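Here are the chains, one letter per residue:
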Amino acid sequence: MRDDYGVSCKELDAMVEITSADHGVIGSRMTGASFGGCTVHLVHQDAVDALADRIQTKYPPRTGIEPEIYVCIASNGAYTEPANKRTSRPDIMCEVSEK
């Protein structure tokens, strides 16, 4: 997006450069409508801690910003439950009242 549309900033470019050199990173991209938003990285699970350490070490000297790192795990996404069926979570139950 930086090269095709000119919608990046030095902070996002630095983050992508820092993380792209890591062998555990599958891919990196910016998000957040290019207003100094954030980057998303797909990372092998066994490389997450090393990548976080690398970001914490290399990003602040280049940008003057302390990064916030959120580690997430991909899921199957949204889905519907049949009516009157218990979910796998004990705090949620889907019920439909009959009229």
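Look a little higher up for the structure.
Read on for an overview of the structure.

The rules behind these values
Along each chain, the written sequence defines residue order, and numbers are assigned to residues from 1. Thresholds applied to this predicted model are a pLDDT of at least 70 for local features of residues and 80 or more for the giving and counting of side-chain atom pairs; totals over whole chains, interfaces and linings are not thresholded and use all residues. Computation of side-chain values: all heavy atoms of the structure, hydrogens and water removed. Secondary structure elements follow DSSP: runs of H or I of four or more residues count as helices, runs of E of two or more count as strands, with numbering from the N terminus. Relative accessibility under 20% of the residue-type maximum defines a buried residue, over 50% an exposed one, and the middle range a partly exposed one, all with a 1.4 Å probe and only protein chains included. Think of a salt bridge as a Lys or Arg side-chain nitrogen and an Asp or Glu carboxyl oxygen that are within 4 Å of each other.

**A few points about the environment of G37**
And then number 1: When you line up the elements, G37 lands in the loop between β1 (25-31) and β2 (38-43).
And then number 2: The partly exposed category is assigned to G37, whose relative accessible area is 36%.
And then number 3: For the pair G37 and E11, spaced 26 residues apart in sequence, the C-alpha separation works out to 9.3 Å.

**A closer look at the pattern of salt bridges**
Side-chain pairing between opposite charges can occur once the charged atoms of the two side chains come close.
And then number 1: Applying the stated rule across the entire model yields one salt bridge.
And then number 2: With a shortest N-O distance of 2.7 Å, E17 and R62 are connected by a salt bridge. A residue pair is termed long-range when its members are at least 10 positions apart, and E17 in helix α2 (residues 10-20) and R62 in helix α3 (residues 48-63) qualify at 45 residues.

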